[in-house]
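Geometric and topological summary
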Amino acid sequence: MSEIKVRHFFKGEYNIMKKTFAFISAMAMAAALLTGCGSSSSTASTTAAPAATEAATEAAAEKETEAETTAAAETAAASEVAEIQAKGKLVVGITDFEPMDYKDADGSWIGFDADMAKAFADSLGVEAEFVEIDWDNKILELDGKTIDCVWNGMTLTDEVKSAMECSKPYCNNAQVVIVKAADADKYQDKDSLKDLSFAVEAGSAGEAEVEALGLQYTAVKAQSDALMEVAAGTSDAAVIDSLMAAAMVGEGTGYSDLTYTVGLNSEEYGVGFRKGSDLAEKLNAFFAESYADGSMMECAEKYGVQAAVCEQ
């Protein structure tokens, strides 16, 4: 082979090797890049996995906590009747409120509400125990478990119904204005009341009515105290329940010089238990039975409130 041909041969071989090396290098770089991307993705996946697992665990824990809370509430509600029966008494929160709850000559609690509470307790196989409460704190007393129910001519206001498990209405009622009989002719409508000073029970439906009308008032502990304020002349008027007014005001009562004039509203009485309590349902069934057999109406007639009793 001539020298020139040899040169050409080796030069061609060299070029082929150079191109081959460049191709292999390019392939190696591409492989490295692919490996790098795969590693990066793998790292991201590895990092994301624990975070996803942690989030799922937290979500599961929250659901479990919610389920336990719901179950605890349901268990507590379902055990109210059993709890009362276990301790052997139903503690009833009341105020001195004739003809619903008041004491006889021997100091025993009587009245339409008191007698019905005793009968209900008897149906559960327990005794009724009466505790006088500050009416303005009735929800706190109930939630604090110092009493088991509020049974005292309680108006079923929105506040009461949202805070308590309430029975069905058992009596109709109204808030009425009490004034001295000698002045009754002057106060026959709401407009005539604007210059009077009122006494009302704190936390009562009567207080809500005078507030709504923008009237001047003093809050007292009980409706009976409001009557005393008017009788003593320290207040011009009072607002109390019509059932109480019918029993305690006018001829033949201890307040014969007082009378009631303007009716401010119409409302209904109910009994309140702790929210979620099954005692409310139990009482509704008792009311229905006692209304059907006539014992509820017989009790109402004893205290002169038969016209106010709601059909059960």
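One can find the structure itself at the top, above this paragraph.
These lines cover the structure that appears in this document, whether it is placed above or below. (Residues numbered from 1 in each chain as written. Predicted model: local features only at pLDDT ≥ 70, side-chain atom pairs only at ≥ 80, totals over all residues. Heavy atoms only, no water.)

Here the focus is the overall build of the chain. The number of helices and strands found in the chain is ten helices and 13 strands. Going through the 312 residues of the chain one by one, you find that 38% of them count as buried. The long-range share in the chain, meaning contacts at least 24 apart out of those at least 6 apart in sequence, stands at 70%. For the chain, the exposed area adds up to about 17000 Å²; of that, 53% sits on carbon and sulfur atoms. (Helix = DSSP H or I, 4+ residues; strand = E, 2+ residues; numbered from the N terminus. Buried < 20%, exposed > 50% of the residue type's maximum accessible area, 1.4 Å probe, protein only. Contact = heavy atoms within 4.5 Å. Areas by Shrake-Rupley, 256 points an atom, 1.4 Å probe, with all protein chains shown as cover.)

Now for the packing of helix 3 (residues 112–124) against helix 9 (residues 279–292). Relative orientation of the contacting elements helix 3 and helix 9 amounts to 110°, with a least axis distance of 11 Å. Viewed along their axes, helix 3 and helix 9 adopt a mutual orientation that is roughly perpendicular. From helix 3, Met-116, Ala-119, Phe-120, Ser-123 and Leu-124 reach across to helix 9, where they touch Leu-279, Lys-282, Leu-283, Phe-286, Phe-287 and Ser-290. The residue makeup of the contact of helix 3 with helix 9, split by class, is eight nonpolar, two polar and one charged. (Axes fitted to C-alpha atoms, helices over the stretch in contact; angles between N-to-C directions. Parallel < 35°, antiparallel > 145°, perpendicular 65-115°, else oblique. Nonpolar A, V, L, I, M, F, W, Y, C, P; charged D, E, K, R; others polar.)

Here the focus is unusual backbone geometry. The omega torsion of the bond from Glu-98 to Pro-99 falls at 15°, within 30 degrees of zero and hence cis. Here Pro-99 shows up in the loop between strand 1 (89–94) and strand 2 (102–103). Here Lys-145, not a glycine, exhibits a phi torsion of approximately 65°, which is positive. A relative accessible area of 47% places Lys-145 in the partly exposed class.

To continue, consider the environment of Gln-85. In this fold, Gln-85 is placed in helix 2 (residues 80–87). Residue Gln-85 is classed as partly exposed on the basis of its relative accessible area, which comes to 39%. If we skip the residues at most four places from it in the chain, Gln-85 touches Leu-124 and Val-126.

So, on to the pattern of salt bridges. Counted according to the given criterion, the structure contains eight salt bridges. When salt bridges that share partners are traced, they join Glu-80, Lys-87, Asp-148 and Arg-274 into one network. (Salt bridge = Lys/Arg side-chain N within 4 Å of Asp/Glu carboxyl O.)

Okay, the packing of aromatic side chains next. The relative placement of two aromatic rings is captured by the distance of their centres and the angle of their planes. Per the counting criterion, the structure on display carries nine aromatic pairs. Between the aromatic rings of Phe-286 and Phe-287, the centroid separation amounts to 6.4 Å while the plane-to-plane angle is 40°, which identifies the pairing as tilted. As far as the burial class goes, Phe-286 and Phe-287 line up, both buried. Counting every residue linked through ring pairs, the aromatic cluster contains Phe-97, Phe-112, Phe-120, Trp-151, Tyr-170, Tyr-269, Phe-286 and Phe-287. (Phe/Tyr/Trp six-rings, centres within 6.5 Å; stacked < 30°, edge-to-face > 60°.)

Among the nonpolar cores identified, the biggest contains 54 residues, and Phe-112 and Trp-151 are the most heavily contacted of them. Looking at this core, the element that brings in the most residues is helix 3, giving seven residues. Sequence-distant contacts of Trp-151, defined by excluding residues within four places in its chain, comprise Val-92, Gly-93, Ile-94, Asp-101, Asp-113, Met-116, Ala-117, Phe-120, Tyr-170, Val-271, Leu-283 and Phe-287. Within the second largest apolar cluster, 14 residues are counted, among which are Ala-184, Leu-193, Phe-198 and Val-239. (Core = buried A, V, L, I, M, F, W, Y, C linked by side-chain atoms within 4.5 Å.)

Our focus in this paragraph is helix 3. Relative to the 18 Å expected for 13 residues at 1.5 Å per residue, helix 3 spans 19 Å between its end C-alpha atoms, a close match to the ideal helical length. Those residues of helix 3 not exposed but buried are Phe-112, Asp-113, Ala-114, Asp-115, Met-116, Ala-117, Phe-120, Ala-121 and Leu-124. (Expected span 1.5 Å × (residues − 1).)

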